[in-house]
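The residues making up each chain are set out below.
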Amino acid sequence: MISSPLSPAAPTTAPPLAADLSPLAQHVRQGLQQPFKTLSSMYFYDDEGSRLFQQIMALPEYYPTRTEFGLLTEHQAAISTALRPMAAQEPFYLIELGAGDGLKTKILLRQLLDTDARFTYVPVDISAGALEGLIAALQAELPTLAVEPVVADYADALTLMATRPGRKAVLFLGSNIGNFLPSDRHAFLRRLCQPLTHDDRLLVGFDLQKDPRFIRAAYDDTQGVTAAFNLNLLRRLNRELGANFDLDHWQHYTDYDPLTGAVRSFLVSTRAQTVQFAAWKGAVDFRAWEMIHTENSYKFTRLASRSWPLKPALKCRNFSRTGRNSLPTLSWLPKAKQHFRRGELLGYQ
């Protein structure tokens, strides 16, 4: 858990979690009873959160989307060749975890269609609304594309797709891997790779460390869209858990620690207040300026990413371009023999 700089408040006592509470209610009640309160960023992405994140990706400060777009454009042929089977007419699945609006992925989709690849695009998201918008856009822009959307947890979706014959080429872009704490990150990658075979592929994006001011601005934009995205989590709790968060007394706050590479986002209570939750007929007290930690976004170094406890399986293949050092990096994992089942992790920097 990431600590806030404030002293911990005394935890509010609560009865054991009721078995009939929703997963969201269980998570929130447990997270807000901690000495340093925390909520998972996975709950950002209701339909409104997904819409706000699309706006974030278009912001001038938010460099990851533009960078990946440029890299995928420049290296689309090489990446597409690496993802698809050697036999030109062999069918496969292109599975994208957290597809969003598909802006970057459309580069690869067009390249694969133009080279007569036989594949089905499988966008995966926990938000049905986000997938509906993506599917409508793809039907209009790429009418010949075979699409099979899946509304599910990422690992569950891969387990489901593992039952289908043929190669699975999995995309996890946007440096979303940086949202995990280090121990959780390794566990997540292992779980993702568990259903994969020696013939499958996995492309994961890692954002490199760079000018700390440049990084921080990407998560605290001048238009306030990122703040609205963070605060929307409280709106969701009001709607789905019967909470009464007064958003006039909450603020978005972000910091960046170059020593650990962690961007951390918080919701800050600007006054002492008590929030009621109808979902479990309970309440949570907040001190003035107490924080709820809501998200991590880790930035990586080449050295650190190559020294993860995934070795000796880890090896790098780079698709790179010159320019400002604001580029995401991805790593190549060829036929892992120890921590992962056989598969490949592609990469560029």
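Refer to the structure above for everything that follows.
Within each chain, residues carry numbers counting from 1 in the order of the written sequence. Given that the model is predicted, a residue must reach a pLDDT of at least 70 before its local features are reported, and side-chain atom pairs must reach 80 or more before they are shown or counted; all residues, however, enter totals for whole chains, interfaces and linings. Calculation of side-chain values draws on the structure's entire complement of heavy atoms; hydrogens and water are dropped beforehand.

Considering the pairing of strand 5 (residues 167-172)
Among the six residues in strand 5, six count as buried, and that is most of the element. Burial along strand 5 is two-sided: Arg 167, Ala 169 and Leu 171 and Lys 168, Val 170 and Phe 172, pointing in opposite directions, are all buried. Following DSSP output, two strands are said to pair if at least two bridges run between them. Note on conventions: DSSP H or I runs of at least 4 residues are helices, E runs of at least 2 residues are strands, and numbering of each starts at the N terminus. Bridge count for strand 1 (residues 92-97) against strand 5 is five bridges, and the pairing is parallel. Bridge pairing links Leu 94 to Ala 169 in strand 5. Looking down the strands as they point away from you, a crossover is right-handed if its path from the first strand over the helix to the second goes clockwise. For the crossover from strand 5 across helix 8 (residues 182-193) to strand 6 (residues 201-204), the handedness is right-handed. Exposure categories follow from relative accessible area, calculated using a 1.4 Å probe and restricted to protein chains: below 20% of the type maximum is buried, above 50% is exposed, and the middle band is partly exposed.

Focus: the sheet that holds strand 8 (residues 250-257)
One open sheet accounts for three strands, arranged 8-9-12; its pairing is antiparallel. Of all strands in the sheet, those bounded by a partner on one side alone are strand 8 and strand 12 (291-298). On average, each strand axis in the sheet is inclined to that of its neighbour by 20 degrees, with strand direction left out of account. Across seven bridges, the pairing between strand 9 (residues 262-269) and strand 12 is antiparallel. Bridging across to strand 12, Ala 262 finds its partner in Tyr 298. Orientation is described by axes fitted as lines to C-alpha atoms, over the contacting stretch for helices, and by angles from 0 to 180 degrees between their N-to-C directions.

A closer look at the pattern of salt bridges
For this document, the term salt bridge refers to a Lys or Arg side-chain nitrogen within 4 Å of an Asp or Glu carboxyl oxygen. With the rule as written, the count across this model stands at 17 salt bridges. For Glu 141, the salt bridge identified is with Lys 106, shortest N-O distance 3.0 Å. One end of the pair, Glu 141, is in helix 6 (residues 128-141); the other, Lys 106, is in helix 5 (residues 105-114), and 35 residues separate them in sequence. Residue classification places Glu 141 among the partly exposed positions, given a relative accessible area of 37%. One salt bridge connects Arg 164 with Glu 148, and the closest N-O pair in it is separated by 2.6 Å. Placement of Arg 164 in the loop between helix 7 (154-161) and strand 5 and of Glu 148 in the loop between strand 3 (146-147) and strand 4 (150-151) is noted, with a sequence separation of 16 residues between them. Taking relative accessible area as the criterion, Arg 164 reaches 26% and is therefore assigned partly exposed. Where salt bridges share partners, they join Asp 46, Arg 236, Arg 239 and Glu 240 into one cluster.

Interpretation in functional terms is not warranted from these geometric data alone.
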